[in-house]
2 protein chains.
Amino acid sequence: MSNPTAAMLVIGDEILSGRTRDTNTNHLAQALTARGIRLMEARVVADDQPAIIAAVNALRGAWDHVFTSGGIGPTHDDITADAIAAAFGVAITHRADAMALLQAHYDRAGLPFNAARQRMARIPDGATLIDNPVSTAPGFTLGNVHVMAGVPRIFEAMVAGVLPALTGGDPLLSQSLRVNRGEGEIAGPFGALAADFPDLSMGSYPFTLNGAHGTHLVIRGTDATRLNSAMARLQDLFG
Amino acid sequence: MSNPTAAMLVIGDEILSGRTRDTNTNHLAQALTARGIRLMEARVVADDQPAIIAAVNALRGAWDHVFTSGGIGPTHDDITADAIAAAFGVAITHRADAMALLQAHYDRAGLPFNAARQRMARIPDGATLIDNPVSTAPGFTLGNVHVMAGVPRIFEAMVAGVLPALTGGDPLLSQSLRVNRGEGEIAGPFGALAADFPDLSMGSYPFTLNGAHGTHLVIRGTDATRLNSAMARLQDLFG
């Protein structure tokens with residue numbers, strides 16, 4: 001497939017301890033699918049510099065884009081910006097444009113622009129800022145890595161700012177058919193159909209409703225004509 | 001820390017396309033934390049054999065336990081068991097005990113035990129079965145890899161079956177304090193406190209309520225006495 005590829009990297013102890021449920025991966029997955037960019041893998045790592053560096057370097061080498069979430073706030077456990085700089089082997093400083101944005105924000109709010117808040121202006125050399133319309137403290141893009149906040153409202157706003165500038169692909173289309181039979185009953189003919197359409201991806205997702213088994217059959221691809229042909233065959237089989 | 005470590009591997013195109021929201025990672029994270037096992041990383045990969053093999057081999061080499069979710073049903077896109085066998089370099093066959101379990105299950109239901117359903121009895125050589133009290137088709141443990149279903153109700157039942165047999169560690173305790181101040185205001189003294197307790201993990205999680213900023217401060221560790229000492233200091237600072 002010629003669609004651009006991407007990976008998600010969620011950074012944060014609170015996800016791995018179970019305290020917080022990650023919702024950013026699902027949001028990004030849906031946004032990328034709509035844009036024709038294929039999410040190939042996702043990872044969650046702790047607030048641990050070697051773990052972040054290893055994951056960032058593995059993912060940015062493997063895929064066209066990497067999106068990160070978390071660890072760019074003002075507290076001691078916010079180490080993402082430093083880890084990204086280390087992963088790329090570049091310096092990190094309090095950058096003038098980010099300092100000016102934040103200074104103006106805290107002046108407006110009548111709050112001191114203290115050392116902790118100034119930490120949020122630390123940006124690796126060579127990065128471009130990502131706008132934060134919610135709370136000002138910017139994300140940044142360095143190479144093919146887009147570094148964003150973990151708070152879902154801010155993450156989502158940053159994704160909305162970044163995606164339009166990326167080259168998308170043919171939209172990833174999907175159609176589905178709900179069948180009132182269990183997977184084990186439809187698996188044979190469904191697998192044979194999938195073998196006839198190697199350019200499409202076909203998946204089956206079982207459910208139970210009032211004690212009865214059913215299956216959602218989903219066909220994904222970028223060619224609407226092929227998708228329609230496969231769906232017609234699926235309807236003939238199970239519709 | 002001497003607690004055992006673990007990783008989660010979610011397998012499935014439907015998570016990466018955004019169609020389905022993964023809830024199994026959060027469930028496992030909470031269950032492991034209660035058992036004193038530290039979840040160190042999580043990954044999501046597609047229904048793609050090379051991707052599954054690479055992830056399984058990376059994770060089983062790095063951590064004490066690996067838990068996988070998804071891809072063990074009867075359809076053509078259920079390739080996890082074969083991928084695990086390939087990752088370990090062992091054969092995979094329709095195993096007699098799994099065949100007998102499933103035969104009895106489908107006999108009771110009055111359904112044919114067809115080729116698709118028999119696929120769910122394919123178990124890598126050397127594995128032990130994981131009980132599936134919901135829908136019979138078993139998971140399995142091979143080496144330090146626990147292979148489980150993706151359907152949350154079944155995944156959760158399998159986790160409940162597997163965890164008691166694993167060696168846990170000291171329970172991972174946490175205490176938290178809610179502070180009606182933004183992160184930028186508390187970051188300095190909170191970071192200094194964290195530096196005084198290098199054996200504990202301290203994190204801060206901002207929230208907004210009715211337009212006002214607040215922060216949850218969380219302290220995690222295994223030594224209740226140290227946790228209490230740190231919480232007392234935290235109360236003095238912000239309580």
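Please read these numbers as outputs of a predicted model, since none were measured by experiment.

Q: When you look at the sheet that holds strand 10 (residues 201–209) of chain B in this model, what are you seeing that I'm missing?
A: Two modes of strand pairing occur in sheets, parallel and antiparallel, and in both the strands are linked by backbone hydrogen bonds. Residue and element names in this part refer to chain B. The strand order across the open sheet built from three strands is 9-11-10, with neighbouring strands paired in antiparallel fashion. Sheet topology places strand 9 (173–179) and strand 10 at the edges, where each strand pairs with a single neighbour. Each adjacent strand pair in this sheet contributes to an overall mean axis angle of 20°, direction not counted. Across seven bridges, strand 9 lies against strand 11 (residues 212–221) in antiparallel orientation. Across the sheet, Val179 pairs through a bridge with Thr215, a residue of strand 11. Those strands touched by helix 8 (residues 183–196) are strand 9, strand 10 and strand 11, and its axis lies near 170° from that of strand 10.

Q: Explain the relation of the copies chain B and chain A to me, please; I cannot follow it from the model alone.
A: Two chain copies, one operation linking them: a rotation about an axis together with a shift along it. Rotating chain B by 180° and translating it 0.0 Å along the rotation axis places it on chain A, where the RMSD comes to 0.0 Å. Each copy turns onto its partner about a two-fold axis. Among all residues of chain B, the minimum C-alpha distance to the rotation axis is found for Arg43 of chain B, at 2.1 Å. Here 100% of the contact residues of chain B are again contact residues in chain A; the copies associate through an equivalent surface.

Q: Which parts of the structure should I look at to understand the nonpolar core?
A: One broad trend across soluble globular proteins is that nonpolar side chains are buried collectively. Counting 101 residues, the largest nonpolar core has Leu9 and Ile84 of chain A together with Leu9 and Ile84 of chain B as the members making the most contacts within it. If we skip the residues at most four places from it in the chain, Leu9 of chain B touches Arg43, Val45, Ala55, Val56, Leu59, Val66 and Thr68 of chain B.

Q: I keep staring at the environment of Val90 of chain A and nothing clicks. Help me out?
A: All names here are of chain A. Turning to its location among the elements, Val90 is positioned in the loop between helix 4 (80–88) and strand 4 (92–94). When the C-alpha atoms of Val90 and His27 are compared, they prove to be 30 Å apart, with 63 residues separating the residues in sequence. Excluding residues within four positions of it along the chain, Val90 makes contact with Ala85, Pro124, Asp125 and Gly126.

Q: I keep staring at the sheet that holds strand 11 (residues 212–221) of chain A and nothing clicks. Help me out?
A: Residues and elements named next belong to chain A. With antiparallel pairing, three strands are arranged side by side in an open sheet as 9-11-10. Where the open sheet ends on each side, the last strands, each with one partner, are strand 9 (173–179) and strand 10 (201–209). Direction aside, neighbouring strands of the sheet carry axes that sit 20° apart on average. Across the sheet, helix 8 (residues 183–196) is in contact with strand 9, strand 10 and strand 11; its angle to strand 10 comes to roughly 170°. Seen against the sheet, helix 9 (residues 224–238) touches strand 9 and strand 11 and runs at an angle of roughly 5° to strand 9.

Q: Could you clarify how one ought to interpret helix 3 (residues 49–62) of chain A in this entry?
A: An α-helical turn contains 3.6 residues, so any two residues separated by three or four positions project in the same direction. Residues and elements named next belong to chain A. For helix 3, spanning 14 residues, the distance from its first C-alpha to its last is 20 Å, which sits close to the expected 20 Å at 1.5 Å a residue. What helix 3 keeps buried is the set Ile52, Ala55, Val56, Leu59 and Arg60. Projected onto a plane normal to the axis of helix 3, the buried residues spread over an arc of 115° and lie on a single side. Across from the buried face of helix 3, at angles greater than 90 degrees, the exposed residues are Pro50 and Gly61.

Q: Before we go on, may I ask you to explain the interface of chain B and chain A in this structure?
A: Size of an interface: often given as the accessible area lost when the parts come together. The partner chain A presents 45 residues to the 45 residues of chain B that form the contact. Listing elements by their share of the side of chain B that touches chain A, those giving two or more residues are helix 1 (13–16), helix 2 (24–35), strand 2 (38–45), helix 6 (115–119), helix 8, strand 10 and strand 11 of chain B. Of the strand pairs in this sheet, strand 2 (residues 38–45) of chain A and strand 2 of chain B are connected by five bridges, and their pairing is antiparallel. Looking across to strand 2 of chain B, one finds that Ala42 of chain A is bridged to Val44 of chain B.

Procedures and definitions
- Residues numbered from 1 in each chain as written.
- Chains lettered and ligands numbered in written order.
- Predicted model: local features only at pLDDT ≥ 70, side-chain atom pairs only at ≥ 80, totals over all residues.
- Pairing = 2+ DSSP bridges.
- Helix = DSSP H or I, 4+ residues; strand = E, 2+ residues; numbered from the N terminus.
- Axes fitted to C-alpha atoms, helices over the stretch in contact; angles between N-to-C directions.
- Contact = placed C-beta atoms within 7 Å.
- Least-squares fit on C-alpha atoms with pLDDT ≥ 70 in both.
- Core = buried A, V, L, I, M, F, W, Y, C linked by C-beta atoms within 7 Å.
- Buried ≥ 20, exposed ≤ 12 C-beta atoms within 10 Å, placed from the backbone.
- Expected span 1.5 Å × (residues − 1).
- Arc of directions from axis to C-beta.

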